[in-house]
Every structure is written in structure tokens, then in C-alpha cells.
Amino acid sequence: MTISINCSGLQCPGPITEVYKNMNTLQDGEVLEVSVTDPGFMTDIKEWCEKTGNTLLHSETDGVKTTVQIVKGSKKAVSEVTSSKDGTTLVVFNQDLDKAIASYIIATGAAAMGKKVTLFHTFWGLNILRKSDINVKDKPFMEKMFSGMMPKGTKHLPISNMNMGGLGSKMIRKVMKEKIVDSIETLMKNAMDMGVEIVACSMSMDVMGIRKEELIDGVTIGGVAAYLGKAEDANVNLFI
């Protein structure tokens, strides 16, 4: 049995994410045929197959579009052979939109590789997780001041360079949409759907006056031990 999907136009990590989702619906020995235009896909899919225990059966390209066929299963994943520590953890310290996008691209890519992924949001990185439509009225003065000055959710995040009072963020979103690159909102939803654990630092929340009800659904509240426990079981640890 062969299932075909068309990922033409999708940019990284879109094609790999779609491969991951569709492979989960197949039985061992069944084939997934994927068409893509992303020039980096061939490198990605070879590594993905090696790490997940699937087999790259065939590939061809006409210089613009690449088509590959992948057989589900048939060999042991490299991660199972080489190491029991195969998780990925990211400390998301920064609130810049471009860095948030990078964090979630890495997270969804790692999840698609079969890794257990945890993102630990701390200090300014908590602003990525804030809801845009929640106002807590009973905060002390200092907490209200912090809340008012910090960006409230992904729609208000600045970029690290050429922000120009928020115009830079709007421009990069427009370019990403034109290039069919997933928005930060889509990346975050995909990450959660793929089982990525998103942890908000309880100490940072207390210091910055951010309440649990101000955070998006699906976020776990935890401390440094929660992060270190995940990091102990990971072979990739990043600070962004």
C-alpha cells in the first residue's frame, strides 16, 4: 500500500512534520510517497529515516520538485541502538519573535525525529506563552506595571533586529506567509499536537507577576528541577 502526500511549497519544518504525522497512520511495510520543493528536504529525510528506523526506498528530483518514497519500519532506529538518553530540551529565555520561531522549529523537528522534547520558558520567554485577551485586575502595582510593559502573547513580540516599533515583526510575518513558512502560532500548535512539553518557570512567573490563568492552555508549571530532570535524559540541550 502506498500513500501519497504533496508538500510542495511548504518550508522547513513543514515537510518533515507532515511526514511524521502521516507515517503514524501507516502500518510497518507500507510506503509513504512525498513530493516537496524544499531544497533542504533530501538531507533532512535521510537523517530522519536513520533516526526513526524507517527506510528511504527511492528519491528523484527534477531540480525543482523532489519525490521520495519511504517504507515504514524495517530497521532499528539509531537512537535505540546508541543511547537511552535521546531527549531534547530548550531553555527559551528570550521573547524575540525570530528566536521564538527558531525554538519551535527545532522543537517540532526534534519531535518529528521521535525525540521527547521539552521547552522550558523562563523570564522574558514567558511572554511568548501569554494570552492576549486576559487582564488580571487584582495584581499589586509592580505586577501591573510589568504586565503593561511586556508583550502580551505572540502577536506582540518584537524581533531582535530592525524591529522599528513593531513594523519589523509585521514585515517578517508577511514574508513568512508569502514563503509558506508556518507562523509562530502554527508552530506552537503543531509542537503541542506532537507531544512537545511546554513548561513555564514558576519562579520567573512569580518575579514577573504572571499568573497561571494568563498563559495559553496546555502549559505545565514547573521549576528548575523539572527542567534539569528532562535535561538529564536528553542528549541535546539548547539555550535560546
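The model shown is predicted, which means the values in this text are computed figures rather than measured ones. (Residues numbered from 1 in each chain as written. Predicted model: local features only at pLDDT ≥ 70, side-chain atom pairs only at ≥ 80, totals over all residues. Heavy atoms only, no water.)

K.L.:
Which residues make up helix α6 (residues 167-178), and what are the values?
P.N.:
The terminal C-alpha atoms of α6, which comprises 12 residues, lie 17 Å apart, in line with the 16 Å expected from a rise of 1.5 Å per residue. By the burial criterion, the buried members of α6 are Gly168, Ser169 and Met176. Buried residues of α6, seen end-on, are gathered within an arc of 100 degrees and therefore sit on one face of the element. Across from the buried face of α6, at angles greater than 90 degrees, the exposed residues are Lys170, Lys174, Lys177 and Glu178. (Helix = DSSP H or I, 4+ residues; strand = E, 2+ residues; numbered from the N terminus. Expected span 1.5 Å × (residues − 1). Buried < 20%, exposed > 50% of the residue type's maximum accessible area, 1.4 Å probe, protein only. Arc of directions from axis to C-beta.)

K.L.:
Could you give an account of the nonpolar core, with specific residues and numbers?
P.N.:
In this structure, Val19, Val34, Trp48, Ile70 and Tyr104 are the most contacted members of the largest nonpolar core, which totals 49 residues. Of all the elements, helix α4 (residues 97-112) adds the most residues to this core, at eight residues. Apart from the residues within four sequence positions on either side, Val19 is in contact with Ile5, Leu32, Val34, Phe41, Ile45, Trp48 and Ile70. Within the second largest apolar cluster, six residues are counted, among which are Val91, Phe120, Cys201 and Ala231. (Core = buried A, V, L, I, M, F, W, Y, C linked by side-chain atoms within 4.5 Å. Contact = heavy atoms within 4.5 Å.)

K.L.:
Before we move on, could you go through the environment of Lys212 and cite the residues and values that matter?
P.N.:
Positionally, Lys212 belongs in the loop between α8 (202-208) and β8 (220-222). Lys212 sits in the exposed class, given a relative accessible area of 58%. C-alpha separation for the pair Lys212 and Ile240, spaced 28 residues apart in sequence, amounts to 23 Å. Contacts of Lys212, omitting those with residues within four sequence positions, involve Met205 and Ile221.

K.L.:
Could you give me a rundown of the pattern of salt bridges, with the residues and numbers involved?
P.N.:
Throughout the structure, instances matching the rule amount to 12 salt bridges. For Glu18, the salt bridge identified is with Lys21, shortest N-O distance 4.0 Å. Here Glu18 and its partner Lys21 are both found in helix α1 (residues 14-23), three residues apart, which amounts to about one turn of the helix. Residue class for Glu18 comes out partly exposed when judged on its relative accessible area of 27%. Classification of Lys21 by relative accessible area gives partly exposed; the value is 33%. Here Glu197 ties to Lys230 by a salt bridge, and the two come within 3.2 Å at their closest N and O atoms. Remark: Lys230 occurs in helix α9 (residues 224-232) and Glu197 occurs in strand β7 (residues 197-201); sequence separation between them is 33 residues. Taken together, the salt bridges that share partners define one network made up of Arg130, Lys139 and Glu214. (Salt bridge = Lys/Arg side-chain N within 4 Å of Asp/Glu carboxyl O.)

K.L.:
Please provide a residue-by-residue account of the confidence of the model for the protein chain, values included.
P.N.:
Considering every residue of the protein chain, the mean pLDDT works out to 89; 95% of them sit at 70 or more. By mean pLDDT, helix α3 (residues 78-82) is the weakest element of the protein chain at 52, and helix α7 (residues 184-193) is the strongest at 96. (pLDDT = per-residue confidence, 0-100.)

K.L.:
How would you sum up the sheet that holds strand β9 (residues 234-239)? Please name residues and give values.
P.N.:
Ordered in space as β8-β7-β6-β5-β9, the five strands form an open sheet in which the pairing is parallel. Every interior strand has two partners, whereas the edge strands, β8 and β9, have only one. With direction set aside, neighbouring strand axes in the sheet form an average angle of 25 degrees. As paired elements, strand β6 (residues 117-121) and β7 share four bridges and run parallel to each other. Opposite Phe120, over in β7, you have Val199 as the bridge partner. Against the sheet, α4 engages β5 (87-92), β6, β7 and β9, with an angle of about 160 degrees to β6. (Pairing = 2+ DSSP bridges. Axes fitted to C-alpha atoms, helices over the stretch in contact; angles between N-to-C directions.)

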